[in-house]
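Chain residues, written in single-letter form:
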Amino acid sequence: MINFTRAFDSAWERMAVILFQPFDLAKWFTIGLSAFLAGLLSGGNGFNASYNRNNGFGKADLQTPNFQALHSGISNALAGVQIGIIIMVAIIILFFALALTVLIYWLGARGQFLFLDNIVRNRGAIRWPWSYYARHANSLFLFYLLVMVVSLFIVLPMIGIGIVMALPFYHQNRWPHGWEIGGFILLGAVYLIFAAVLNFILFVFKEFGVPLMFRNGLLAGAAFMESLGLIQRHFGSV
């Protein structure tokens, strides 16, 4: 079993040596930057297409069939334009969100090795570990990217199922009740189980696999398998 008190005492002493013996402000900022990058790896309202037909027009004008037909056509056209704008904006937001997520994963993967290098070697360096661990950081980045893609393939169908289940209640303008709520509870439970398993795997890989990559020069796939082996051999400690 792991001696947690001894590990904490050792970590505290190491922290004091790195930060205060001697005190170096530039080193603080560099290690802080690497810690920040490492931490990156740890991701409505609609438009109403209906219009008040009594606003801005006389009541007599609104009674004419020609005006009603014209107003209906304009309303439908505006509704179509609004829906198109909503879809376009949603696609743009989704694209930038995915691009930002990929950038955060890439920087976070680099930051993991920057931070470990600075702590292990008691220094504040960016350039050398950035280039030296580039291959390992790229492997870690691709691993997290693969996990993200697999997660999307699992979560998006869940969202689709939830939307399909909710559409009848939306059209009927009512909330689900009784046994109807059970379907949403079951879907939510499946999602929570998936999220719990995924977060446990990522936690274990970050805390065990990444240090193994740093220490033994392993790539992400081999480090992931080695971390699973550590869990099997030392399940109680983990």
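About the criteria used
- Residues numbered from 1 in each chain as written.
- Predicted model: local features only at pLDDT ≥ 70, side-chain atom pairs only at ≥ 80, totals over all residues.
- Heavy atoms only, no water.
- Salt bridge = Lys/Arg side-chain N within 4 Å of Asp/Glu carboxyl O.
- Buried < 20%, exposed > 50% of the residue type's maximum accessible area, 1.4 Å probe, protein only.
- Phe/Tyr/Trp six-rings, centres within 6.5 Å; stacked < 30°, edge-to-face > 60°.
- Helix = DSSP H or I, 4+ residues; strand = E, 2+ residues; numbered from the N terminus.
- Patch = residues over 30% accessible without salt bridge, like charges linked within 9 Å, V, L, I, M, F, W, Y side chains within 5 Å.
- Areas by Shrake-Rupley, 256 points an atom, 1.4 Å probe, with all protein chains shown as cover.
- Lys, Arg positive; Asp, Glu negative; His and termini not counted.
- Polar contact = N/O pair within 3.5 Å; in protein donor to acceptor, adjacent residues only side chain to side chain.
- Contact = heavy atoms within 4.5 Å.

Caption draft 1: Looking closely at the pattern of salt bridges. The full count for this structure, using the stated rule, is 3 salt bridges. For Arg123, the salt bridge goes to Asp117, with nearest N and O atoms at 2.9 Å. Judged by its relative accessible area of 26%, Arg123 is partly exposed. Accessibility expressed as a relative area gives 0% for Asp117, which makes it buried. A salt bridge links Glu226 to Arg233; its shortest N-O distance comes to 3.5 Å. In this structure, a network of salt bridges that share partners links the residues Asp117, Arg121 and Arg123.

Caption draft 2: A look at the packing of aromatic side chains. As enumerated under the stated definition, the model contains 16 aromatic pairs in all. Taking 5.7 Å as the distance between ring centres and 15° as the angle between the ring planes, the aromatic pair formed by Phe113 and Tyr133 counts as stacked. Of this pair, Phe113 sits in helix H4 (residues 65-120) while Tyr133 sits in the loop between helix H5 (127-132) and helix H6 (134-171), and the two are 20 residues apart along the sequence. Accessibility classification places Phe113 together with Tyr133 in one group, the buried group. A ring pair is formed by Tyr144 and Phe205, whose centres lie 6.4 Å apart and whose planes are at 55°; its orientation type is tilted. Placement of Tyr144 in helix H6 and of Phe205 in helix H7 (residues 179-216) is noted, with a sequence separation of 61 residues between them. Phe205 shares its class with Tyr144; the two are buried.

Caption draft 3: Layout of a nonpolar patch on the surface. Together, Leu94, Leu98, Leu152, Leu156, Ile159, Ile163, Leu167 and Tyr170 make up an exposed nonpolar region whose accessible area comes to about 770 Å². Elements with a minimum of two residues in the nonpolar patch: H4 and H6. Among the elements that line the nonpolar patch, the one with the most residues is H6, at 6 residues. Position of Ile159 relative to the elements: it lies in helix H6.

Caption draft 4: Representation of the side chain of Arg110 within the structure. Its location among the elements puts Arg110 in helix H4. Buried within the structure, Arg110 lacks any salt-bridge partner; its nearest side chain of opposite charge belongs to Asp117, at an N-O separation of 13 Å. A polar side-chain atom of Arg110 sits 3.1 Å from the main-chain carbonyl oxygen of Trp130. Not counting residues up to four positions away in its chain, the partners in contact with Arg110 are Trp130, Ala134, Ala137 and Asn138.

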